[in-house]
Amino acid sequence: MKLKLRIWRQPNPEAKGKMVSYVLDDVSEDASFLEMLDVLNEQLIADGEDPVAFDHDCREGICGACSLVIDGQPHGPQAATTTCQLHMRKFRDGDIIDIEPWRAGAFPVVKDLVVDRTAFDRIIAAGGYISAPTGTAPDAHAAPIPKQDADAAFSAAACIGCGACVAACPNGSGMLFMAAKVTHLGLMPQCQPERATRVLGMVAEHDAAGFGGCTNTGECASACPKEIGLDVIGRLNRDFRKAAARAA
Amino acid sequence: MSANEYYTDGDPVADTKAPAGPISERWEQRRFSGRLVNPSNRRKLRVIVVGTGLAGASAAATLGELGYRVSNYCFQDSPRRAHSIAAQGGINAAKNYRNDGDSVHRLFYDTVKGGDFRSRESNVHRLAEVSTEIIDQCVAQGVPFAREYGGLLDNRSFGGAQVSRTFYARGQTGQQLLLGAYQALERQVAAGTVELHTRHEMLELVVVDGRARGIVVRDLVTGETTTEIADAVVLATGGYGNVFFLSTNAKGCNVTASWRAHRQGAYFANPCYTQIHPTCIPQSGDHQSKLTLMSESLRNDGRVWVPTERGDERAPGDIPEAERDYYLERRYPAFGNLVPRDIASRAAKAVCDEGRGVGPGGLGVYLDFADAIARLGEDAVKARYGNLFDMYERITGENPYERPMRIYPAVHYTMGGLWVDYDLQSNIPGLFVTGEANFSDHGANRLGASALMQGLSDGYFVLPNTISDYLADGPFEAVADDHEAVAAARASVNERVEFFLNNDGDRTVDSFHRELGKIMWEYCGMERTDEGLRKAIGLIRDLKDEFYERVKVPGTGAELNQQLEKAGRVADFFELGELMCIDALHRAESCGGHFRAESQTEDGEARRDDERFSYVAAWEFAGEAPVLHKEDLEFEYVKPTQRSYK
Ligand SMILES: Cc1cc2nc3c(=O)[nH]c(=O)nc-3n(C[C@H](O)[C@H](O)[C@H](O)COP(=O)(O)OP(=O)(O)OC[C@H]3O[C@@H](n4cnc5c(N)ncnc54)[C@H](O)[C@@H]3O)c2cc1C
Ligand code: FES
């Protein structure tokens, strides 16, 4: 199929970016979206132009590296699918496709479609862990965990840290990401001692990093490729209120 | 006398660190005999850990907890994106929670046998011992393993094991284990013991007075190259499966860190041992950039077949039972569809070579769930494999509930890697290697769910203990930034970068990588021959020359330049590919993942040759003709037998 692509090009963080158009003549519908960009880049290099920079690694929807806004939607049109898992058979011959980076105050553009998401790591460092130094653990069966809790914890822990939630949110909030971690750990019995300090620390870091506040628009959950639901945000809010009241 | 003209023989090499005595006491003994570092001295010692996968993040976090000063590097934008994140199936541990006869000794035995008697008994026993502590550690960190209704941990049997010793977190075990290690790592970052450097690539090892003392790294965003000096360097940089271009590895996986260390004198052991996984989604066209693994668990319920007649173009549903060949069930009645990975892979290749393959290019076989759906119902099949079926449909556009899946083998894991002793130290003092980057525990073939076990065993429990024996001699003398060795290492990095940017070429890096991958797959893949390997060495050398003449790298060195990153990695893959072929050529036996067509039984099964090849091949870099150092293997506890799955 033949496609027209309009891609955000920005040589460095300081430069002003712009949309640039490219035409690809012969795209296989079996190619993945990123393979389509590979083909474009091979063509650009052959023509002596600078190839388009984009983040990717596993190309199977688990590392969270890929991060494109496709036709206005983070990770594109297919639900529960990362950009790298999206295939060209979802598009039609003659389509015009817009490709942009995540846009959010806390995720500055590094180059073209690559953004800086280290703010997510800082949120984890501010409390998104259980303090369990190596070698101190009791036997794994010492504390059984009800299956439904373990399953719910897993569902929240399935977050891949891609940042689509932030890109989708009109406020650029990192609430869904943060709440998924708070929920995962909060469902584990061994993490109760740190529950209050965790949520206070993470929220403070989230706000300091320049993420916006949450106004319950729900865009984050619709964009999440791992289908993490809004219920995690309710959980975070409850934990936060309790912890803040106790700290006051 | 070397067996061919491509290499020369050197002195044997020995692992001098493994204690003698009863095997179950060796690890205990080594921990006792190794020297310790006083807690107040640890603060004065810096350790560089390259890699944030299971092997790197666990080591960096644990060393930080112990009070060492740690610098941790990865090339991704976050440590959490290391390739370990993609592991699906599970992690083994000899917990015997099922009371089904498992034990440390049985895991040890299975791993030595599974490795086809090409690993060290001491190392493997330690791995089996430590396995149980790993599960405790991960649970304490909050890893949400699958549980039963009673709240206890669930286990499954994996890869044909007779006991259920595999712990898992849905189909995302690697992700959950890595997030546990990553969170422990971030905790140390907050505590100030670990400095994290993301989007940084190690491009050279700095060796001063015979000791590994630092690394040269390039900041992938600014392009700046800098040197960091430390008391010890740990490489946890993963495997080299991407030498084949197409593999199940993440796109960024590469051999550069290991290869640079190899060029500085570190031995590279058993490079030809690669694992080909039988159940991957076949290639769909020339645009293909990687291959996707479909979990091995599918073979528990799926039946593998091809048409009996070659060139049968009918849709699978139109081929009657009588005209289907369930070749695994036919050839291996005892194990059927559950034969080990290497056997299933080779059998698929054999039927495709006969012209009976299905799908594009005839490179595929069917994995059929029709019987399972009839027997268990579609819902039950969906409950077991729903995610995988969805993934298959996303990629191929075909519905596996209605039409059998098409699968084909793909490169998956590399057992070879930098040579290390029992302490995980390479032959360069101060250079330690953990995880898939070393060669240590899997011999010629790795069992399913054992790579995660090894990465975490190395990183949480082994290295933090053994490295103290080395660091007890530190802190080592300061090394100035203008020291001869430092300046030379940095100059070599800068020269290489300049070369690529200034080369007046006309071919892309990827086009070379693809071509190299094809050569490797054709001649150093599932089946290897003397003639083919010699041919491959010639082809690789020619292509390498062409690469340096014609490669074109756009852009500059002072910016994010993904083509430049790739160029350096592919340059190292060329040299590695050649060594893999030389190793495969010299090892004129079949063992584990290495199948030499000349060494097979009458009915086409692998024939190992213990008389001639019961050793580790540790290669020393010496330009064109590497030097072979042999480490003899001894088996006191598990007597070598030929594998049989008939
Ligand atoms: C699809 C798939 C599924 C798998 N499933 C299983 C399974 O179910 N069970 C199992 O046991 N095993 C499985 N494996 C194998 C297992 O995942 C890997 O062997 C293991 O995770 C490797 O871990 P590692 O820490 O050694 O390396 P990696 O996780 O690959 O980490 C390498 C690290 O090194 C860094 N790095 C590399 N080079 C450089 C450099 N030059 N400079 C700076 N940093 C560098 C990277 O950034 C990264 O942080 C699977 C593998 C694949 C491909
Ligand atoms: S590249 Fe890993 S999730 Fe897309």
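Within every chain, residues take consecutive numbers counted from 1 along the sequence as written. By the order in which they are written, chains take letters starting at A while ligands take numbers starting at 1. Whole-chain, interface and lining totals are the exception, using all residues; otherwise, since this is a predicted model, local features are given only for residues with pLDDT of at least 70 and side-chain atom pairs are given and counted only at 80 or more. With hydrogens and water excluded, all non-hydrogen atoms of the structure serve as input to the side-chain values.

Enquirer: Please set out the site of ligand 1 residue by residue, giving values where relevant.
Expert: Distances are taken per atom, and a residue is near a molecule or strand as soon as one of its heavy atoms is within 4 Å of it. As a structural note, the neighbourhood of ligand 1 is formed by 39 residues, with B:Gln76, B:Ser84, B:Gly89, B:Met202 and B:Glu436 the closest of them. Neighbouring residues of ligand 1 are not confined to one chain but are distributed across chains A and B. Contacts to ligand 1 include B:Gly90, whose backbone N or O atom sits 3.0 Å from a nitrogen atom. Distance and chemistry together define a polar contact, namely a pair of N or O atoms within 3.5 Å, with one atom able to donate a hydrogen and the other to accept it when in protein, and with adjacent residues in sequence counting only for side-chain atoms on both sides. One nitrogen or oxygen atom from the main chain of B:Met202 is found 2.8 Å from a nitrogen atom belonging to ligand 1. Its free accessible area being 1000 Å², ligand 1 has 98% of it covered by the protein chains. Mapped onto the shell around ligand 1, the elements with two or more residues apiece are helix H3 (54–66), strand S7 (200–208), strand S16 (405–414) and helix H12 (451–471) of chain B. Secondary structure is summarised from DSSP: a helix means a run of H or I of at least four residues, a strand means a run of E of at least two, and numbering begins at the N terminus for each. The greatest single-element share of the shell around ligand 1, amounting to three residues, is contributed by S7(B). Methods summary: accessible areas were calculated by the Shrake-Rupley approach with a probe of 1.4 Å, and residue burial reflects only the protein chains presented.

Enquirer: Go over helix H14 (residues 509–524) of chain B with me, naming the residues and quoting the values.
Expert: Between its terminal C-alpha atoms H14(B) stretches 21 Å, which fits the 22 Å expected from 16 residues at 1.5 Å a residue. Those residues of H14(B) that fall on the buried side of the exposure criterion are B:Val509, B:Asp510, B:Phe512, B:His513, B:Leu516, B:Gly517, B:Ile519, B:Met520, B:Tyr523 and B:Cys524. Close packing links the buried residues of H14(B) with helix H1 (33–46) of chain A together with helix H15 (530–550) and helix H16 (562–586) of chain B. Multiply 1.5 Å by the residue count of a helix minus one, and that product is the helix's expected span. Note on exposure labels: buried denotes an accessible area under 20% of the residue type's maximum, exposed denotes more than 50%, and partly exposed covers the range between, all computed with a 1.4 Å probe on protein chains only. Residues are treated as being in contact if the distance between any of their heavy atoms lies within 4.5 Å.

Enquirer: Quick one: what's the story with the packing of H3(B) against helix H6 (residues 173–191) of chain B, residue by residue and with numbers?
Expert: Residue and element names in this part refer to chain B. Helix axes are fitted only over the stretch in contact, all axes being lines through C-alpha atoms; the angle between N-to-C directions runs from 0 to 180 degrees. At their nearest, the axes of H3 and H6 sit 8 Å apart, and the two run at 35° to each other. Judged by the sense of rotation from one axis to the other, the crossing of H3 with H6 is left-handed. Only Leu-177, Leu-178, Ala-181, Tyr-182, Ala-184, Leu-185, Arg-187 and Gln-188 of H6 make contact with H3, whose side of the interface consists of Leu-54, Ala-57, Ser-58, Ala-60, Ala-61, Gly-64 and Glu-65. Crossing handedness is read from the near helix: turned anticlockwise from the far helix by less than a right angle, it gives a left-handed crossing, and turned clockwise, a right-handed one.

Enquirer: Which residues make up the side chain of B:Arg596, and what values go with them?
Expert: Residue and element names in this part refer to chain B. Positionally, Arg-596 belongs in the loop between H16 and helix H17 (610–613). What makes Arg-596 buried here is its relative accessible area of 3%. Reaching out from Arg-596, the side chain makes a polar contact with the side chain of Glu-598 at a distance of 2.9 Å.

Enquirer: Hey, could you go over the confidence of the model for chain B for me, with residue numbers and the actual values?
Expert: Per-residue confidence for chain B averages 96 on the pLDDT scale, and 100% of its residues sit at or above 70. Each residue carries a pLDDT value, the predictor's own confidence for that position, ranging from 0 to 100. Put simply, helix H11 (residues 378–396) of chain B is where chain B has its lowest mean pLDDT, 91, and strand S2 (residues 46–50) of chain B is where it has its highest, 99.

Enquirer: Can you break down the domain arrangement of chain A residue by residue, with the values?
Expert: Residues and elements named next belong to chain A. Domain borders in the structure are assigned automatically or taken from a domain database. Domain annotation for chain A reports domain 1 (3–111) and domain 2 (117–133 + 142–247). When two parts are brought into contact, each loses some accessible area as probed by a 1.4 Å sphere; the total of that loss over both is the buried area. Together domain 1 and domain 2 conceal approximately 1300 Å² of surface at their shared face, both sides included; 65% is due to carbon and sulfur atoms. Any Lys or Arg side-chain nitrogen found within 4 Å of a carboxyl oxygen on Asp or Glu counts as a salt bridge. The salt bridge partner of Asp-55 is Arg-117, with a shortest N-O separation of 3.6 Å. Applying the counting criterion to the domain 1 and domain 2 interface returns four residue pairs in polar contact (both at pLDDT 80 or more). For this scheme, ten residues count as nonpolar: Ala, Val, Leu, Ile, Met, Phe, Trp, Tyr, Cys and Pro. Four count as charged, namely Asp, Glu, Lys and Arg, and the remainder, Gly too, count as polar. Residues of the side of domain 1 that touches domain 2, tallied by class, amount to 10 nonpolar, seven polar and two charged.

Enquirer: Outline a positive patch on the surface, supporting the account with residue identities and numerical values.
Expert: Patch membership requires more than 30% relative accessible area and the absence of a salt bridge. Residues of like charge join within 9 Å; the nonpolar side chains Val, Leu, Ile, Met, Phe, Trp and Tyr join within 5 Å. When charges are counted, Lys and Arg contribute as positive and Asp and Glu as negative, whereas His and the chain ends are disregarded. Working definition for charges: the position is that of NZ of Lys, CZ of Arg, CG of Asp or CD of Glu. On the surface, A:Arg238, A:Arg241, A:Lys242 and A:Arg246 cluster together into a patch of positive charge. Positionally, A:Arg246 belongs in helix H8 (residues 231–247).

Enquirer: Could you give an account of the sheet that holds strand S9 (residues 225–229) of chain B, naming the residues involved and the relevant values?
Expert: Residues and elements named next belong to chain B. Strand order in the open sheet formed by three strands is S7-S8-S9, with antiparallel pairing between adjacent strands. In this open sheet, the two strands that pair with only one neighbour each are S7 and S9. The average undirected angle you get between the axes of adjacent strands in this sheet is 25°. Strand contacts of helix H13 (residues 484–502): S7, strand S8 (211–219) and S9, with the helix running at about 145° to S7, the strand carrying the most contacts. Two strands qualify as a pair provided that DSSP identifies no fewer than 2 bridges between them.

Enquirer: Please provide a residue-by-residue account of unusual backbone geometry, values included.
Expert: Here the residue pair B:Gly474 and B:Pro475 is connected by a cis peptide bond, since its omega of -10° sits within 30 degrees of zero. Relative to the assigned elements, B:Pro475 resides in the loop between H12 and H13. For A:Glu227, which is not glycine, the phi torsion reads 55° and is therefore positive. In this fold, A:Glu227 is placed in the loop between helix H7 (219–223) and H8. Using a relative accessible area of 62% as the deciding quantity, one classes A:Glu227 as exposed. Backbone geometry places B:Phe245, a non-glycine residue, at a positive phi of 60°.

Enquirer: A description of the nonpolar core should follow, citing residues and the corresponding values.
Expert: Grouped together as the largest cluster of nonpolar side chains are 217 residues, with contacts concentrated most on B:Ile91, B:Phe145 and B:Leu235. Sorting elements by how many residues they give to this core places H16(B) first, with 13 residues. Not counting chain neighbours up to four residues away, the residues in contact with B:Leu235 comprise B:Val50, B:Met202, B:Ala257, B:Ser258, B:Ala261, B:Leu418, B:Leu431, B:Phe432, B:Val433, B:Thr434 and B:Ala437. The term nonpolar core refers to a set of buried residues drawn from Ala, Val, Leu, Ile, Met, Phe, Trp, Tyr and Cys, joined through side-chain atoms within 4.5 Å. Grouped together as the second largest cluster of nonpolar side chains are 27 residues, A:Tyr22, A:Met36, A:Ile97 and A:Leu113 included.

Enquirer: Go over the interface of chain A and chain B, please, and point to the residues and values.
Expert: Opposite the 78 residues of chain A that make contact, chain B presents 74 residues. Between chain A and chain B the total buried area reaches about 6000 Å² when both faces are included, carbon and sulfur atoms providing 52% of it. Remark: the boundary between chain A and chain B carries five salt bridges. Ionic pairing is found between B:Lys95 and A:Asp139, a salt bridge with its closest N-O pair at 3.0 Å. On the surface where chain A and chain B come into contact, there are 46 residue pairs in polar contact (both at pLDDT 80 or more). Broken down by element, the residue count for the side of chain A that touches chain B peaks at seven residues, all from helix H3 (residues 147–157) of chain A. Along the lines of polarity and charge, the residues of the side of chain A that touches chain B split into 41 nonpolar, 19 polar and 18 charged.

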